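# What the coordinates show
Here's the letter readout for the chains.
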Amino acid sequence: KLFIDGVTRGEVDRTIVELVVRLADSLGIATVAEGVDSEEKLAELRRLGCTLAQGFHLAPPMELGDVATWVLAHDDVLTHS
């Protein structure tokens with residue numbers, strides 16, 4: 001989350017995120033950005049090739065029983081529309 005917070009503000013954080021994403025990709029490992037709290041950060045993470053993201057911008061914390069209902073109602077978020 002520390003680097004995600006700065007991904008749109010600083011070159012160092014953006015570079016670290018980009019290098020981690022590239023390394024993971026080269027190893028066939030998915031990347032998950034934690035703490036995504038704005039569309040701007042989400043867009044930058046997508047641009048950098050981050051595989052997955054979670055955070056308040058996408059959905060609030062929820063009980064396990066509510067996840068399936070949320071997923072069905074937010075397919076557009078899950079498919080990057």
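Structural data are supplied above this passage.
What you see is a predicted model, and the numbers here were worked out from it, not measured in a lab. (Residues numbered from 1 in each chain as written. Predicted model: local features only at pLDDT ≥ 70, side-chain atom pairs only at ≥ 80, totals over all residues. Heavy atoms only, no water.)

### A look at the overall build of the protein chain
- Helices and strands together make up the secondary structure of the protein chain, namely five helices and two strands.
- Walking the protein chain from its N terminus toward its C terminus, one meets helices and strands in the order α-α-β-α-β-α-α.
- Considering the protein chain as a whole, with its 81 residues, one finds that 27% of them fall into the buried category.
- Sequence separation of 24 or more characterises 38% of the internal contacts of the protein chain that already satisfy a separation of 6 or more.
- For the protein chain, the computed accessible surface area is about 5,600 Å², with 60% contributed by carbon and sulfur atoms.
- Taking the average location of the 7 positive side-chain charges in the protein chain and that of its 14 negative ones, the two points are 7 Å from each other. (Helix = DSSP H or I, 4+ residues; strand = E, 2+ residues; numbered from the N terminus. Buried < 20%, exposed > 50% of the residue type's maximum accessible area, 1.4 Å probe, protein only. Contact = heavy atoms within 4.5 Å. Areas by Shrake-Rupley, 256 points an atom, 1.4 Å probe, with all protein chains shown as cover. Lys, Arg positive; Asp, Glu negative; His and termini not counted. Charge placed at Lys NZ, Arg CZ, Asp CG, Glu CD.)

### Things to note about helix α2 (residues 11-26)
- With 16 residues, α2 ought to run about 22 Å at 1.5 Å a step, and its terminal C-alpha atoms sit 22 Å apart, in line with that.
- Buried within α2 we find R14, V17, V21 and A24. The buried side chains of α2 occupy one side of the element, clustering within an arc of 100° when seen end-on. The exposed set on the far side of α2, more than 90 degrees from its buried face, consists of E11, V12, R22, L23 and S26.
- Structurally, α2 contributes buried residues whose contacts are with α1 (2-5) and α3 (39-48).
- G28 sits one or two positions beyond α2 and adopts a positive phi of about 75°. (Expected span 1.5 Å × (residues − 1). Arc of directions from axis to C-beta.)

### A look at the nonpolar core
- Grouped together as the largest cluster of nonpolar side chains are 11 residues: I4, V7, V17, V21, A33, V36, L42, L45, L48, C50 and L58.
- Of all the secondary structure elements, the ones that give two or more residues to this core are α2 and α3.
- Among residues more than four places away in sequence, those in contact with V17 are F3, I4, V7, L45 and L48. (Core = buried A, V, L, I, M, F, W, Y, C linked by side-chain atoms within 4.5 Å.)

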